[in-house]
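Results of the structural survey
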Amino acid sequence: FTGSCFWVAVLDGNVVGIVAARGNEEDNVVELRRMSVDFEQRGKGIAKALGRKVLEFAMLSNYSAVVLGTTAVKPAAHKLYESLGFRYVGITEHYVLPGMSHSFLEKMFFQLRYHRYRLLVREE
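Rules of the game
- Residues numbered from 1 in each chain as written.
- Predicted model: local features only at pLDDT ≥ 70, side-chain atom pairs only at ≥ 80, totals over all residues.
- Heavy atoms only, no water.
- Helix = DSSP H or I, 4+ residues; strand = E, 2+ residues; numbered from the N terminus.
- Expected span 1.5 Å × (residues − 1).
- Buried < 20%, exposed > 50% of the residue type's maximum accessible area, 1.4 Å probe, protein only.
- Contact = heavy atoms within 4.5 Å.
- Pairing = 2+ DSSP bridges.
- Right-handed = clockwise from strand over helix to strand, strands pointing away.
- Arc of directions from axis to C-beta.

**Looking at helix 1 (residues 46–60)**
- An ideal rise of 1.5 Å per residue puts 21 Å on 15 residues; helix 1 measures up with 21 Å between its terminal C-alpha atoms.
- Ile46, Ala47, Leu50, Gly51, Val54, Leu55, Phe57 and Ala58 are the residues of helix 1 that are buried.
- Contact partners of the buried residues in helix 1: strand 1 (5–11), strand 2 (14–24), strand 3 (29–37), strand 4 (65–70), helix 2 (75–83) and strand 6 (112–120).
- One or two residues past the end of helix 1 sits Asn62, with phi positive at roughly 65°.

**Examining the pairing of strand 3**
- Taken together, the 7 bridges between strand 2 and strand 3 define a ladder with antiparallel strand orientation. The partner of Gly23 across the bridge, within strand 3, is Val30.
- Hairpin geometry of strand 2 and strand 3 is characterised by an intervening segment of 4 residues between the two adjacent antiparallel strands and by a positive phi of about 55° at Asn28.
- With helix 1 bridging strand 3 and the parallel strand 4, this β-α-β connection has right-handed handedness.

**Focus on helix 2**
- Residues of helix 2 that are buried include every one of Ala77, His78, Leu80 and Tyr81, and no others. Viewed along the axis of helix 2, the buried residues span an arc of 155°, placing them on a single side of the element. Across helix 2 from its buried face, at more than 90 degrees, point the exposed residues Pro75, Ala76 and Lys79.
- For helix 2, the secondary structure elements touched by its buried residues are strand 3, helix 1, strand 4 and strand 6.
- Directly after helix 2, the chain includes Gly85, whose backbone phi takes a positive value near 110°.

**Comments concerning the environment of Val121**
- On the secondary structure map, Val121 appears in the segment after strand 6.
- Excluding residues that lie within four positions of it along the chain, Val121 makes contacts with Ala58, Met59, Tyr63, Ser64, Ala65 and Val66.

What follows is the structure in structure tokens.
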């Protein structure tokens, strides 16, 4: 995809976090995707630094907004997004993860809530 990037956070020679940004030219938004920080390294500001990198990329690339969706249930994840300036814009009930087969068992065990966030970078 054009307008897309991937960053890796390295600490003491070890990969401790990742994040991707996928640009959508039609909507003029960047989607923050796949942010993850090593469990033992959480609470050190790594996720916030990765999130800020995506916001910086969006601004420098002249996108109007950054969006993200998450199935995270931990309040810390939601607090992180809000601390970066994201605003909660809604929820999709019974979200189906990519690759799920929609089988009866999957529907029983994976009734996920998909929380959507948006951060306006510049007015269009």
